[in-house]
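Tertiary structure, described
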Amino acid sequence: KKLLILNGPNLNLMGEREPGVYGNESLDDINRQIEQKGKELGFECHFFQSNWEGAVIDQIHEARKEYAGIILNAGALTHYSYAVRDAIAAIHIPVVEVHCSNVHAREEFRHTSVISPVCAGSIVGFGKNSYLLALNAFEMLL
Ligand code: DQA
């Protein structure tokens with residue numbers, strides 16, 4: 001089964017941006033670990049990152065045709081993008097929301113996720129392991 005690992009704005013700077021919050025590993029490092037664990041669980045993982053809201057939405061639309069599910073870290077779009085929310089609501093494959101940081105322990109504006117209600121579930125606060133745990137979620141879901 002194919003899974004899309006979709007990362008939104010600023011996640012390309014993982015490892016470099018606010019390392020106290022997001023850790024020292026690059027997105028490529030983390031993606032390799034997702035790919036490895038995914039393989040062990042029988043998933044073929046594909047990866048996409050964009051800083052552009054529309055590109056994230058296009059990928060969500062595209063994914064509905066060829067993927068069994070999406071692991072999505074939408075970055076700050078999580079907190080305000082009704083367009084990303086509507087894209088998720090429009091497709092019929094499950095989306096698992098992930099955040100590396102514990103968004104609930106941070107600034108007020110991060111406490112709201114406009115995408116959570118249309119996602120299968122959310123995993124937040126476990127650093128890169130949030131993505132790896134999302135693979136376990138897909139073991140259950142698919
Ligand atoms: C994030 C949390 C968001 O609030 C933030 O805008 C990000 C990263 C996380 O993975 O913890 O860019 O999604």
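Residues numbered from 1 in each chain as written. Predicted model: local features only at pLDDT ≥ 70, side-chain atom pairs only at ≥ 80, totals over all residues.

An unreviewed UniProt entry lists the protein chain under the name 3-dehydroquinate dehydratase, with Solibaculum mannosilyticum given as the organism.

**Description of the site of the ligand**
Lining the immediate surroundings of the ligand are Asn10, Asn73, Gly75, Ala76, Thr78, His99, Cys100, Ser101, Val103 and Arg110. Taken together, the residues that form the shell around the ligand break down as 3 nonpolar, 6 polar and 1 charged. (Near = placed C-beta within 6 Å. Nonpolar A, V, L, I, M, F, W, Y, C, P; charged D, E, K, R; others polar.)

**Some thoughts on the nonpolar core**
Counting residues in hydrophobic clusters, the biggest one holds 34 residues, and the most contacted among them are Leu3, Ile5, Ile70, Ile71, Val96, Tyr131 and Ala134. With 5 residues, helix α5 (residues 129-141) is the largest single contributor of residues to this core. (Core = buried A, V, L, I, M, F, W, Y, C linked by C-beta atoms within 7 Å. Buried ≥ 20, exposed ≤ 12 C-beta atoms within 10 Å, placed from the backbone. Helix = DSSP H or I, 4+ residues; strand = E, 2+ residues; numbered from the N terminus.)

**Quick word on the packing of helix α3 (residues 53-66) against helix α4 (residues 82-90)**
Here α3 crosses α4 at 5 degrees, and the two axes come no closer than 9 Å. Overall, the two elements α3 and α4 adopt an arrangement that is roughly parallel. Counted together, Glu53, Val56, Ile57, Ile60 and His61 of α3 and Ala83, Val84, Ala87 and Ile88 of α4 form the full contact between these two elements. Counted by class, the contact of α3 with α4 contains 7 nonpolar, 1 polar and 1 charged residues. (Axes fitted to C-alpha atoms, helices over the stretch in contact; angles between N-to-C directions. Parallel < 35°, antiparallel > 145°, perpendicular 65-115°, else oblique. Contact = placed C-beta atoms within 7 Å.)

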